[in-house]
Amino acid sequence: MNVTYFGHACFAAEIGGRTLLFDPFVTGNPLASAIKVEDLKADYILISHGHGDHVADAAAVAQRTGATVIAPYEVAQWLGKQGAKTHPINHGGGPDLGFCRVRLVPAIHSSSLPDGSYGGNPGGFVITSAEDNFYYSGDTALTREMELIGEYARLNFAVLCIGGNFTMDVDDAVKAAAMVKCDNVLGVHYDTFPPIKIDHEEAIRKFSAAGKRLHLLKIGASHKF
Ligand code: NI
Ligand code: MN
């Protein structure tokens, strides 16, 4: 499965000729100035929670592309008011899109929307398909809930937050990878702001010491998992 990283926690996964775009945040990301919001492709936009660094460009990309936004109920309602086509979901559920199945799983975090309105509960996603399965943690602390994810599906890769301060740090993400039984990790939610800056080599070394591979993609770069 081809995955492209757009900085922070924004990435696109191509499955069965469709593009799932996660947590679009280019406008306001100081590291993503080379990415143009107008160039982002999407058939579906998946939003983990309501924070600005996850929803910033969601309405604009949804309007331009006609993509359906799949998000926790309250976030979907909020984006719907801005003209996005939406499919609201909640923990434990999610649609079967035909080419893949989407499940919203718990995340330990918070979820207010940029204008202060209530964003419901934050989540992560498990995507299963005939081709590949993967987990995107969203913003979360390490939690034993993750053990269930390893039982749902054999994951080809996991997209985990690693920057610390607001989410798991590298050490917790290594444990998360073990809990979801996955050796191939794409790191997200690091370096964007001073409190989440990490040492790349040390992070890669820590995963490697646990028998796992951490991928830190350049912004705009793609990798086939
Ligand atoms: Ni957040
Ligand atoms: Mn965040």
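Report follows, based on the coordinates. Keep in mind the model is a prediction, meaning the values are calculated, not measured.

**Some words on the overall build of the protein**
- Secondary structure assignment for the protein yields 6 helices and 13 strands.
- Relative to the compact-globule value of 17 Å for 225 residues, the protein shows a C-alpha radius of gyration of 16 Å, a close match.
- C-alpha atoms of the protein, sized along the principal axes, occupy 45 × 35 × 30 Å.
- Going through the 225 residues of the protein one by one, you find that 57% of them count as buried.
- When contacts within the protein are restricted to residue pairs at least 6 apart in sequence, those whose partners lie at least 24 apart make up 59%.
- Of note, the protein has its 19 positive side-chain charges centred 4 Å away from the centre of its 24 negative side-chain charges.

**Quick word on the coordination of the manganese ion (ligand 2)**
- Distances from the manganese ion (ligand 2) to its protein donors, D53 (OD), H54 (NE2), D139 (OD) and H189 (NE2), fall within 2.1 to 2.2 Å.
- Between the two metal centres, the manganese ion (ligand 2) and the nickel ion (ligand 1), the spacing is 3.0 Å, with D139 acting as a shared donor. Linking D53 in helix α1 (residues 52–55) with H189 in the loop between β11 (184–188) and α6 (200–209), this pair joins segments that are 136 residues apart in sequence. Comparing D53 with H189 shows no difference in burial state: the two are buried.

**A look at the coordination of the nickel ion (ligand 1)**
- In the first shell of the nickel ion (ligand 1), the protein supplies H49 (NE2), H51 (ND1), H109 (NE2) and D139 (OD), at 2.2 to 2.3 Å from the metal.
- Geometry at the nickel ion (ligand 1) is irregular, judged from the 4 donor atoms that bind it and their angles of 88 to 177° at the metal.
- In primary-sequence terms, the residues that donate to the nickel ion (ligand 1) follow H-x1-H-x57-H-x29-D.

**A look at the pattern of salt bridges**
- Taken as a whole and judged by the stated rule, the model has 3 salt bridges.
- Close ionic contact of E147 with R144 constitutes a salt bridge, the shortest N to O distance being 2.6 Å.
- Its relative accessible area of 32% is what places E147 among the partly exposed residues.
- Note on R144: relative accessible area 61%, which makes it exposed.
- We note a salt bridge from K206 to D171, for which the minimum N-O separation is 3.2 Å. Of the two residues, K206 is situated in helix α6 and D171 in helix α5 (residues 170–179); the sequence distance between them amounts to 35 residues.

**Some words on the nonpolar core**
- Ranked by size, the top nonpolar core spans 55 residues in total, and within it F22, I127 and Y135 carry the most contacts.
- Leave out the neighbours within four places in its chain, and Y135 touches V105, F125, V126, M146, I149, L155, F157, A158, V159, L160 and V180.

**Regarding the sheet that holds strand β13 (residues 222–224)**
- Taken together, 7 strands build an open sheet; the order of strands is β6-β5-β4-β3-β2-β1-β13 and the sheet is mixed. At either end of the open sheet lies a strand with only one pairing partner, and these are β6 (85–89) and β13. Taken pair by pair, the neighbouring strands of this sheet meet at an average axis angle of 25°, ignoring direction.

Cut-off values and rules
- Residues numbered from 1 in each chain as written.
- Chains lettered and ligands numbered in written order.
- Predicted model: local features only at pLDDT ≥ 70, side-chain atom pairs only at ≥ 80, totals over all residues.
- Heavy atoms only, no water.
- Helix = DSSP H or I, 4+ residues; strand = E, 2+ residues; numbered from the N terminus.
- Rg over C-alpha atoms; globule rule 2.2 N^0.38 Å.
- Buried < 20%, exposed > 50% of the residue type's maximum accessible area, 1.4 Å probe, protein only.
- Contact = heavy atoms within 4.5 Å.
- Lys, Arg positive; Asp, Glu negative; His and termini not counted.
- Charge placed at Lys NZ, Arg CZ, Asp CG, Glu CD.
- Donors = N, O, S within 2.8 Å, 3.2 Å for Na, K, Ca; no water.
- Tetrahedral: all angles 85-135°; square planar, octahedral: opposite > 155°, others 65-115°.
- Salt bridge = Lys/Arg side-chain N within 4 Å of Asp/Glu carboxyl O.
- Core = buried A, V, L, I, M, F, W, Y, C linked by side-chain atoms within 4.5 Å.
- Pairing = 2+ DSSP bridges.
- Axes fitted to C-alpha atoms, helices over the stretch in contact; angles between N-to-C directions.

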